[in-house]
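Secondary and tertiary structure notes
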Amino acid sequence: MAETLLQLEDLRTQFFTGRGVVRAVDGVTLHVDAGETLGVVGESGCGKTITALSILRLVPEPGRIVSGRIIFRGQDVTKMDDDEIRQFRGNDVAMIFQDPMTSMNPVTKVGFQIEEAMTAHERFTERLAKGRVIELLKKVRVPAAESRVKDYPHQFSGGMRQRAMIAMGLSNEPALLIADEPTTALDVTVQAQIIQLMKQLNRELGTAMMLITHNMALVASLCQRVVVMYAGRIVEEGPVDQIFRSPQHPYTWSLLRSVPRVDEARKDRLVSIRGLPPDLLNPPPGCKFHPRCPFVVDRCKIEEPPLGEVAAEQLARCWVLMRNVKDEDVAAAKSSALSLDAAKKLKAPAGGDAGR
Amino acid sequence: MQAAEKTPGTAIKADPVLLRVQNVYKYFPLQGFGSGGLSVRAVDGVDLEIRRGEALGLVGESGCGKSTLARLITALLPVTAGSIIFDGQDITKLRGAKLRRMRRKMQMIFQDPFASLDPRMTVGDILMEPLDNFKIGSGRERTQRVQELLRLVGLNPNFNNRYPHEFSGGQRQRIGIARALAVNPSFIVCDEAVSALDVSIAAQIINLLQDLQREFNLTYLFIAHDLAVVRHLSDRVAVMYLGKVVETAGRNDIYDNSQHPYTKALLSSIPVPDPEVERQRAPILLKGEIPSPVNPPSGCRFHPRCPIARAPGICSEVEPPLEPHGAVDQEAACHFAGQA
C-alpha cells in the first residue's frame, strides 16, 4: 500500500457573491497516493479547478474554504500560516495551468523564471539553482536548452512553453504536481508529445500527479485512478479500468458515450446529456444530476444519494446504478431530439427570392 | 453516399459535385518594416471537391490554412489565385447581386458562440435578419419561420425576445445553427462548431447537425481539429498541412488505411477513452512543430518532421503531387505513400 500523500476530507469551498452563496466544492473527500496519477474529470463549473486551487489555498475572491481538512503528509494545509503555505506551494505541491502564455512573465527570460521558482524556496542555493535550469529544461526535452534559457516566453512555441512550465513546476522536486488542462490549448501532435513527457516524468521521478481535465481519453491515457465531479460533488470514483469498463453513475456513463472515438467507425448516435449543468446558486433538490438524468426515479428528486461502494474500490453516488438500467431505456437515451414537425414546416418553400 | 434529393426551387443538375476548389492560393502579405515583400502562404495550391449531400471533414493543426480555406469557399475572403466553382458558377468572379444570391445557398456556423451573435440584437432579430436580407416570405411568414427555426434547434419559440447573453454556450450555438438554416441553404460550413462547448453539450450539437443534414439534405464542410468528431460526422476527410491538402479519403479509409505519414502521426496522437487500448498504443511522435508558412520547407513541406523522409533527396527536392493511393477514392501527396 502506497503512502497517502494528500487527503481531502469533506472539503467545502464557497463563493460569497452578491446574488448568493455558490457551493463550488461541496463536500469533497479524496486522496492521492505517493507516485500515483489521479484524474479529476468533469465539465466547466463542476468544481474541479476550485478543488485544485483550494489545495494550494489559491481560491480567488470572493471564494473561501469554509470547512473540511486538507492533509498533506500529516499536516493540515488549511491551518498553515503564511510562511508555511509559501514553503508548501512549489516545494511540496506545484501546479501547471492550461495556458502557458498567460502563466509566464512576458518580460523576463524563461531561464530566470525557472531559477526564481527555486530561489524563492530554501532548497537550492542561488548558484545551484542557476546550474539546475539547463538540466531541468533538458529533462522536459527542450531542444538546445543551453541557448534557450536566454529566450523570452514569446520566443517559445506553445508546446515549448508548456514544457518550460512543467520544468518550473518540477524545479523544487514536489511530491505532487497538479496539472489543470495541461494540453487543452495545444495542437494534437504537440499534445501527444506533452502526454508522453508527463508519463515519462511520472515514471522517472515518481512525482504524483493530479490531472484536471474534461477529456476522458486523456484520463485513460495518463491516470491510474479517476474521480468524476458534478456540481461540486464527487459522483463516481475508482480505478481507471473499472470506471471505463463499468461506469455505474449515469453521468459518467453519458460522459463516456458523448464523445466519439477516433479508433471506431461510426455506429451509433452519441449520447447527449439533455439540458444544462445546474445553476450552483440554486441547485436542484435530491441528486444534483436528476434533472438531466435519463434514468431518473422518484427518489432521486427528493433525497440525495450517498457516495457508496458499488464494487471493489469503486464508489458511486446514485440510487439507480447503470447495472440496474434496462437495455431499452439505454436505447431510448440515444434517440433523436430533432423536432421533425418543425423541420417539415421549414422545408415548405418560402415565397420570395434573393435580390428581388 | 446518398444521392442528394433536390429541394424545390433549385435547378436539377447531373453534376454530383457541389463545390470544386481548383488550384486555390491565398497569400497574406506581411506588413511592416523588414518584411521585404514576404507573405504568409495560408493556402498554397489546394484542390478539393465536395459532393452533393456529403459531409467533408477538413482537419489539420492550427496554422494549416483550414479556416482560411473556409473563408475563401464562402467568399468572405478574395482568393489570390485559382477558382472555386459552386453549383456550376465560379464564385471568385461573382460580384454584387449575383454574389448575394449565391450567398443564400451557403451559410456558415462559427466556433465561438459568444463572438458570433450581436449582443444588442434579440434572438428574434438575429434570425429575422437573413430573412429580411433575402426578402423571404411576408412579414407574418417570417415571424412564424423564426419560431419554427427556434423549435427546430430545440429552443423555446417564446425566447425570441431574449438577448444572446441570456443563453448558455450550447444554446447560443443552436441560435447560430438556426440563423444558418434560416435561408434554406444547400451548403453549410461549420468552422470548429463544437470545439468551444462542454462535452455533453457538444454531443447535443453533433447529433443536431447530423439530424439536420439528413432532414434537409445538406452538404457540410466540417472543419475541426478534433479528429474523433470529424470521423463521426464526415463521409470523407481531407487532411491539410501547411497550406496544402496532403491526403483525402473516405472516413474509414483515412483512419484504417492512411497513406500519408502526417495523417498517420496525427491519428496516432489522439488518445482514446479506453485504458486498455491506451496501454497498447504507441503514438508516432513527430519531431518539432509546424514550420512557418512564410517560408515553408522545400520539396515536400512535411519532410523536416517526417519519420520516413529521404532528405536530402527526393523528399527535400521534389514536391509530391496529390495522387491516387490506397483505397478507392483515396489520394495522398507523398513520394512514399503507404510506406510509413
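Refer to the structure presented above.
Conventions adopted
- Residues numbered from 1 in each chain as written.
- Chains lettered and ligands numbered in written order.
- Predicted model: local features only at pLDDT ≥ 70, side-chain atom pairs only at ≥ 80, totals over all residues.
- Helix = DSSP H or I, 4+ residues; strand = E, 2+ residues; numbered from the N terminus.
- Buried ≥ 20, exposed ≤ 12 C-beta atoms within 10 Å, placed from the backbone.
- Rg over C-alpha atoms; globule rule 2.2 N^0.38 Å.
- Contact = placed C-beta atoms within 7 Å.
- Nonpolar A, V, L, I, M, F, W, Y, C, P; charged D, E, K, R; others polar.
- Pairing = 2+ DSSP bridges.
- Right-handed = clockwise from strand over helix to strand, strands pointing away.
- Axes fitted to C-alpha atoms, helices over the stretch in contact; angles between N-to-C directions.
- Parallel < 35°, antiparallel > 145°, perpendicular 65-115°, else oblique.
- Left-handed = near helix turned anticlockwise from the far one by under 90°.
- Expected span 1.5 Å × (residues − 1).
- Bend = angle between axes of the 7 residues up to and from the residue.

1. Comments concerning the overall build of chain A
- A count of helices and strands for chain A gives 13 helices and 12 strands.
- With respect to the three principal axes, the spread of C-alpha positions in chain A is 75 × 60 × 45 Å.
- Within chain A, the fraction of its 356 residues that count as buried is 47%.

2. Digging into the overall build of chain B
- Looking only at helices and strands, one finds 11 helices and 12 strands in chain B.
- Since a compact globule built from 340 residues should have a radius of gyration of about 20 Å, the 21 Å found for chain B is in line with a globular shape.
- When its C-alpha atoms are laid out on the principal axes, chain B stretches across 70 × 50 × 50 Å.
- Within chain B, buried positions represent 51% of all 340 residues.
- In chain B, once contacts between residues fewer than 6 apart in sequence are set aside, the share between residues at least 24 apart is 65%.

3. Some details on unusual backbone geometry
- With an omega dihedral of -5 degrees, the bond running from Glu61(A) to Pro62(A) counts as a cis peptide bond.
- Its location among the elements puts Pro62(A) in the loop between α1 (48-55) and β4 (63-72).
- One non-glycine residue, Asp10(A), adopts positive backbone phi at about 45 degrees.
- With respect to the secondary-structure elements, Asp10(A) resides in strand β1 (residues 4-17).
- Residue Asp10(A) is classed as exposed on the basis of its C-beta count, with 11 C-beta atoms lying within 10 Å.
- Of note, the phi angle at Asn217(B) is positive, near 50 degrees, even though the residue is not glycine.
- Residue position: Asn217(B) is located in the loop between α6 (199-216) and β8 (219-224).

4. A short note on the interface of chain A and chain B
- Taken together, the 55 residues of chain A in the interface contact 57 residues of chain B.
- Those elements giving two or more residues to the side of chain A that touches chain B turn out to be α7 (188-205), α8 (216-222), α9 (240-245), α10 (250-257) and α13 (340-347) of chain A.
- Residue composition of the side of chain A that touches chain B, grouped by class: 28 nonpolar, 17 polar and 10 charged.

5. Considering the pairing of strand β7 (residues 187-191) of chain B
Residues and elements named next belong to chain B.
- Counting buried residues in β7 gives 5 out of 5 residues, a clear majority hidden from the surface.
- With burial as the criterion, each face of β7 is covered, one bearing Phe187, Val189 and Asp191 and the other bearing Ile188 and Cys190.
- Of the strand pairs in this sheet, strand β6 (residues 106-109) and β7 are connected by 4 bridges, and their pairing is parallel. The partner of isoleucine 109 across the bridge, within β7, is cysteine 190.
- The sheet contact formed by β7 and β8 spans 5 bridges and is parallel. Within the sheet, the bridge partner assigned to phenylalanine 187 lies in β8 and is threonine 219.
- With respect to chirality, the unit in which β7 leads through α6 into the neighbouring parallel β8 is right-handed.

6. Some points on the packing of helix α5 (residues 169-181) of chain B against α6(B)
All names here are of chain B.
- At their nearest, the axes of α5 and α6 sit 9 Å apart, and the two run at 15 degrees to each other. With respect to each other, α5 and α6 are oriented roughly parallel. Crossing of α5 over α6 shows right-handed handedness. On α6, the residues touching Gly169, Gly170, Gln173, Ile177 and Leu181 of α5 are Ile201, Gln204, Ile205, Leu208 and Leu212.

7. Let's talk about helix α4 (residues 126-139) of chain A
All names here are of chain A.
- Taking 1.5 Å per residue, 14 residues should reach 20 Å; α4 reaches 20 Å between its end C-alpha atoms and fits that length.
- Taking the largest bend as the criterion, α4 deviates by roughly 30 degrees, centred on arginine 132.
- Where α4 is buried, its residues touch α3 (110-119), α5 (145-148) and α6 (158-170).

8. Focus: the sheet that holds strand β9 (residues 236-241) of chain B
Residues and elements named next belong to chain B.
- Taken in spatial order, the 8 strands of this open sheet run β6-β7-β8-β3-β9-β10-β12-β11, and their pairing is mixed. Every interior strand has two partners, whereas the edge strands, β6 and β11 (323-324), have only one.
- Where β11 and strand β12 (residues 331-332) come together, 2 bridges link them in antiparallel fashion. Bridging from a neighbouring strand, proline 324 pairs with glutamate 331 of β12.

9. Regarding the environment of Leu307(A)
Residue and element names in this part refer to chain A.
- Inspection of the secondary structure puts leucine 307 in the loop between α11 (298-302) and β11 (308-311).
- For leucine 307, a count of 18 C-beta atoms within 10 Å gives the class partly exposed.
- Residues within four places of leucine 307 in sequence aside, it is in contact with Ile234, Leu315 and Arg317.

10. Concerning the packing of helix α3 (residues 123-133) of chain B against α5(B)
All names here are of chain B.
- Relative to each other, α3 and α5 sit at 25 degrees, their axes nearing to 8 Å. Judged on the interaxial angle alone, α5 and α3 are roughly parallel. Every pair of crossing elements has a handedness; the one defined by α3 and α5 is right-handed. Where α3 abuts α5, its residues Val123, Ile126, Leu127 and Pro130 lie against Ile175, Ala178 and Arg179.

11. Focus: the sheet that holds strand β10 (residues 233-239) of chain A
All names here are of chain A.
- Taking strand neighbours across the sheet as the criterion, the 8 strands line up as β6-β7-β8-β3-β9-β10-β12-β11 in an open arrangement whose pairing is mixed. The sheet terminates laterally at β6 (93-96) and β11, the two strands that pair on one side only. Along the sheet, successive strands turn relative to each other by an average axial angle of 25 degrees, direction set aside.
- Examined bridge by bridge, β11 and strand β12 (residues 314-316) share 3 bridges and lie antiparallel to one another. For glycine 308, the partnering residue across the bridge sits in β12 and is alanine 316.

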